[in-house]
Amino acid sequence: MSTHVLRCNGAPVPIALASLPTTQTAAIPEASAIDELLPVLAADSLPRLIVLGEDAGLAAVLTHLLRTERLHVEIGYVPVDRTYGSRAYQTGSGSAAAKRALEGRPEPTPLIRDDTGRVLVGRATITGPGGGKLEGEAYADETPLFSGKVAALHISPTLEMPGARATVLRTFRRRQWVAGRAIQLGTPGASVTRDGIVDERTVPRASFYRHTDPWFLVR
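This is a predicted model, so every value here is computed, not measured.

**Details of the overall build of the protein chain**
Logical step 1: Check the secondary structure of the protein chain and you find four helices and 17 strands.
Logical step 2: Its C-alpha atoms give the protein chain a radius of gyration of 18 Å, near enough to 17 Å, the size a compact globule of 219 residues would have.
Logical step 3: Each principal axis of the C-alpha distribution contributes one length, and for the protein chain these read about 55 × 30 × 30 Å.
Logical step 4: Looking at the protein chain alone, contacts between residues at least 24 apart form 64% of all its contacts between residues at least 6 apart.
Logical step 5: Of the roughly 10600 Å² of accessible surface on the protein chain, a fraction of 49% belongs to carbon and sulfur atoms.
Logical step 6: The positive charge centre, built from 25 side chains, and the negative charge centre, built from 22, are 7 Å apart in the protein chain.

**Quick notes on unusual backbone geometry**
Note: most peptide bonds trans; most residues except glycine with negative phi.
Logical step 1: Here the amide bond leading from M161 into P162 is cis, since omega sits at 10 degrees, within 30 degrees of zero.
Logical step 2: The topology assignment puts P162 in the loop between β11 (152-157) and β12 (164-169).
Logical step 3: Although it is not a glycine, N9 adopts a positive phi angle of roughly 60 degrees.
Logical step 4: Residue position: N9 is located in the loop between β1 (3-8) and β2 (22-25).
Logical step 5: Among the residues examined, N9 registers a relative accessible area of 57% and is labelled exposed.
Logical step 6: Within the chain, D195 stands out as a residue other than glycine whose phi angle is a positive 50 degrees.

**Comments concerning the nonpolar core**
Side chains of nonpolar character tend, in soluble globular proteins, to be buried together.
Logical step 1: L49, L58, V61, L62, L65, I75 and W215 are the most contacted members of the largest nonpolar core, which has 25 residues in total.
Logical step 2: Mapped onto this core, the elements with two or more residues apiece are β1, α1 (31-42), β3 (48-52), α2 (55-67), β4 (74-78) and β17 (215-218).
Logical step 3: Counting residues in each nonpolar core, the second largest holds 22 residues, with I112, L153, A164 and A166 among its members.

**Considerations on the side chain of S86**
Logical step 1: Position of S86 among the secondary structure elements: in helix α3 (residues 84-89).
Logical step 2: Assessed through its relative accessible area of 5%, S86 is described here as buried.
Logical step 3: In this structure S86 touches D55, Y77, P79, T91 and G92, once residues within four positions along its chain are discounted.

**Re the pattern of salt bridges**
Logical step 1: All told, the structure shown has five salt bridges when counted by the stated rule.
Logical step 2: With a shortest N-O distance of 2.9 Å, R48 and E74 are connected by a salt bridge. Residue R48 is located in strand β3, and its partner E74 is located in strand β4; the two are separated by 26 residues in the primary sequence. Considered together, R48 and E74 belong to a single accessibility category, that of buried residues.
Logical step 3: Across the pair D199 and R194 runs a salt bridge, and its minimum N-O distance is 3.1 Å.
Logical step 4: On the basis of relative accessible area, D199 is assigned to the buried category, the value being 12%.
Logical step 5: Connected through salt bridges with shared partners, the residues D114, R118, R194 and D199 form a single ionic network.

**Here's the deal with the sheet that holds β17**
Logical step 1: What the six strands build is an open sheet, ordered β2-β1-β3-β4-β17-β5; its pairing is mixed. The open sheet has two edge strands with one neighbour each: β2 and β5 (106-109). Direction aside, neighbouring strands of the sheet carry axes that sit 30 degrees apart on average.
Logical step 2: Both β1 and β2 contribute to a ladder of four bridges, which runs parallel. Of the residues in β2, the one forming a bridge with V5 is T22.
Logical step 3: Helix-sheet contacts for helix α4 (residues 94-103) involve β1, β3, β4 and β17, and the interaxial angle to β4 is about 170 degrees.

Here is what the cut-offs are and how they apply
Residues numbered from 1 in each chain as written. Predicted model: local features only at pLDDT ≥ 70, side-chain atom pairs only at ≥ 80, totals over all residues. Heavy atoms only, no water. Helix = DSSP H or I, 4+ residues; strand = E, 2+ residues; numbered from the N terminus. Rg over C-alpha atoms; globule rule 2.2 N^0.38 Å. Contact = heavy atoms within 4.5 Å. Areas by Shrake-Rupley, 256 points an atom, 1.4 Å probe, with all protein chains shown as cover. Lys, Arg positive; Asp, Glu negative; His and termini not counted. Charge placed at Lys NZ, Arg CZ, Asp CG, Glu CD. Buried < 20%, exposed > 50% of the residue type's maximum accessible area, 1.4 Å probe, protein only. Core = buried A, V, L, I, M, F, W, Y, C linked by side-chain atoms within 4.5 Å. Salt bridge = Lys/Arg side-chain N within 4 Å of Asp/Glu carboxyl O. Pairing = 2+ DSSP bridges. Axes fitted to C-alpha atoms, helices over the stretch in contact; angles between N-to-C directions.

Spelled out as structure tokens, the structure:
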């Protein structure tokens, strides 16, 4: 098995990973940087890539693997600190995550993507334009989430099926998460933030759903 580390944005390297071949990249890896690694990984029947960085970096890697039909690559995730993604996938962080990424086994894991083909790793937050109230109607599969105006809609992946969950932020109400294969929103206009990255466009609809194929998370 060949193992390679993708070090995003100069993240500190745990001792367990220090001797492994490493590629330096930006916080959000460019497709070209990932493409350079693919021939190296393809030379092994059991390729493993360890992403050392944040949720947005891992999301970029998984998005590229999805688009290039390489979801068979084993992926270890080592965030420096706890993130929404590390909580959702129970990877831990720092040295503990590094040990798990090296010694763990790959497990088929629900891959959550949106209608633009981008993968969600930790959390998506949907608000109205400029962070204002979100107006519209949303569902988790057949279950209504809201109709009217709310503060925001949060969506996260899960380890368990059906693969995603959503919660609505309302004033003075306790959050309740609703699981589903697909979370869908129709709205006059919404701003979407995926794994901390704000989409510059205002959209009239958004959907996040489980892809037909899983990704292989090392845990």
